[in-house]
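Summary of the model geometry
Below, each chain spelled out in residue letters.
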Amino acid sequence: MAVHERSRQLQQRAEKLFPGGVNSPVRGFRSVGGEPPFVARAEGAYLYDADGNRYIDYFGSWGPMILGHAFPPVVEAIERAARNSASFGASTGAEGDLGELVQACYPGIEKMRFVSSGTEATMSAIRVARAATGRKRIIKFEGCYHGHSDGLLVKAGSGVATLGIPGSAGVPEEVASLTLALPFNDLDAVVEAFEQYPGEIAAVILEPVVGNAGCIPPGEGYLDGLRKLTSRHGALFIVDEVMTGFRLALGGVIELYGIDADLVTLGKIIGGGLPCGLFGGKREFMDLLAPLGPVYQAGTLSGNPLAMAAGIATVGYLREHAVEVYPKLEETSKAVAEGVAAEAANAGIAIMTNRVGAMWTWFFGDSAVTNYSEAARSDTAAFAAFHRSMLESGVWLPPSQFEAAFLGTAHGQVEIEATIAAARAAFAAVTA
Ligand SMILES: Cc1ncc(COP(=O)(O)O)c(C=O)c1O
Ligand SMILES: NCC(=O)CCC(=O)O
């Protein structure tokens, strides 16, 4: 058994300082059990904990670390920027540099604004949609997580699903009631909602490939159907690519599935590991923002120079190397996802693998998962045992059945083989 003494001490101190010992709930291991290691440093595909144990990283800071940890061009860009001061609260050319890069990847983003998190990006996009339409209600989907703003914490995914808090305490009923949470992959439910609330729905927001209920791809024609329905009913179509942007393709799901959005939200990879988000889209909507228009939205650290530098280094690298990066991510992810699934099959353990590029989930169960209620039928106890065994073997998976695993360009053959071997041992232990 690996030593976890130092992590244990740090956990005890953290529990005195931070609710649940964490600064974001998903970092706790509540649903999988065991003790979360405290991270000391990371490099490439590996995390090193405070006791010196090493883990292959399959959550990548929950998405951003697609180029691997401490990727030299990103580190150098941050160091260079820091020497010129960490923040000015005045405009810099770096904002335009990253803005142009974003536009090169997402040509549909005519205008944009930087924020400091995915939460701010989706919250602000919804405000723009309400202002543009003069309507109050929004449609989201069960199991989709768009950050923790009040109106979006309704039947949300991620930690909300993991901890079973479908409607967060502290969100007023009046606010929550403006959010309709519908089943994902069900166009009829959206048709009915538009019929039930004619002229009242400002926007439909979704994770175009869900990651926060575990990975759930959109069915054939689903995204296109939503685009048509929103256009027909005068609502905005908001595509939340905080997780999928620059991951599933350089231009995210918008590029991969060829869809048209009114507003897009980005986060995670866009900041290369520093706090950064963005919302943007059609000029007619974005120009409603202050100081041009009447929609107020702001941020002391928006467009922060260190975040811009890390973002430019990361997105710039992805763009320059896209022809190698995305096929490699696909190949490595396929090998890990299918290799582990094959070990489960050999051991007679039922697993359904959902995967799109470098984003996947092994659902412990034997039926297809196309929406949140199907994901929720998974055997979470079996997932928890699998998670603990993998961690003990040096493989750190996201600590919930309702999260997607990620990998990056630093993962290769060695990590694929070690992960499959760890899974073989995990499944053997269950069936022994
Ligand atoms: C799809 C999606 N949207 C929004 C968010 C919120 O981003 P943040 O945690 O940066 O506020 C997340 C992740 O947290 C996400 O996965
Ligand atoms: N899929 C879950 C997230 O991306 C959120 C991370 C966090 O809330 O810390």
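A quick note: this is a predicted structure, and the numbers were derived from the prediction, not measured.

Here the focus is the overall build of the protein chain. Assigned secondary structure in the protein chain consists of 15 helices and 14 strands. Against the globule reference of 22 Å for 432 residues, the protein chain gives a C-alpha radius of gyration of 21 Å, in line with a compact fold. Taken over 432 residues, the protein chain has a buried fraction of 54%. Here the analysis covers contacts within the protein chain between residues at least 6 apart in sequence; of these, 72% occur between residues at least 24 apart. Of the roughly 18,100 Å² of accessible surface on the protein chain, 53% is carried by carbon and sulfur atoms.

Secondary-structure assignment places Asn 53 in the loop between strand E2 (46-49) and strand E3 (54-57). Taking relative accessible area as the criterion, Asn 53 reaches 15% and is therefore assigned buried. Residues in contact with Asn 53, not counting those within four places in the same chain, are Ala 2, Val 3, His 4, Leu 47 and Tyr 48.

Here we take up the domain arrangement of the protein chain. Parsing the protein chain into structural domains produces domain 1 (5-62 + 325-431) and domain 2 (72-320). Taking the mean C-alpha position of each, domain 1 and domain 2 sit 26 Å from one another. Contact residues are listed per partner, giving 28 residues for domain 1 and 30 residues for domain 2. For the pair domain 1 and domain 2, the two sides together bury roughly 2,200 Å², of which 66% comes from carbon and sulfur. If you look at where domain 1 meets domain 2, you find zero salt bridges. Counting every contact that joins domain 1 to domain 2 gives ten residue pairs in polar contact (both at pLDDT 80 or more). Only helix H12 (322-346), strand E11 (351-355), strand E12 (359-364) and helix H13 (372-375) provide two or more residues apiece to the side of domain 1 that touches domain 2. Sort the elements by how many residues they give to the side of domain 1 that touches domain 2 and E12 lands first, with four residues. Taken together, the residues of the side of domain 1 that touches domain 2 sort by class into 18 nonpolar, seven polar and three charged.

Summed over the entire model, instances satisfying the criterion amount to 13 salt bridges. Between Asp 224 and Lys 228 there is a salt bridge, with the nearest N and O atoms lying 2.7 Å from each other. Residue Asp 224 and its partner Lys 228 are located together in helix H8 (residues 222-232), separated by four residues, close to a single helical turn. With a relative accessible area of 39%, Asp 224 lands in the partly exposed category. Lys 282 is paired through a salt bridge with Asp 260; the nearest N and O atoms lie 3.1 Å apart. Pair noted here: Lys 282 is in the loop between strand E10 (277-281) and helix H10 (283-286) and Asp 260 is in the loop between helix H9 (252-256) and strand E9 (263-266), with a separation of 22 residues, a long-range link.

Reading the values: rules and limits
Residues numbered from 1 in each chain as written. Chains lettered and ligands numbered in written order. Predicted model: local features only at pLDDT ≥ 70, side-chain atom pairs only at ≥ 80, totals over all residues. Heavy atoms only, no water. Helix = DSSP H or I, 4+ residues; strand = E, 2+ residues; numbered from the N terminus. Rg over C-alpha atoms; globule rule 2.2 N^0.38 Å. Buried < 20%, exposed > 50% of the residue type's maximum accessible area, 1.4 Å probe, protein only. Contact = heavy atoms within 4.5 Å. Areas by Shrake-Rupley, 256 points an atom, 1.4 Å probe, with all protein chains shown as cover. Domains from an automatic or database assignment. Buried area = accessible area lost by both parts, 1.4 Å probe. Salt bridge = Lys/Arg side-chain N within 4 Å of Asp/Glu carboxyl O. Polar contact = N/O pair within 3.5 Å; in protein donor to acceptor, adjacent residues only side chain to side chain. Nonpolar A, V, L, I, M, F, W, Y, C, P; charged D, E, K, R; others polar.

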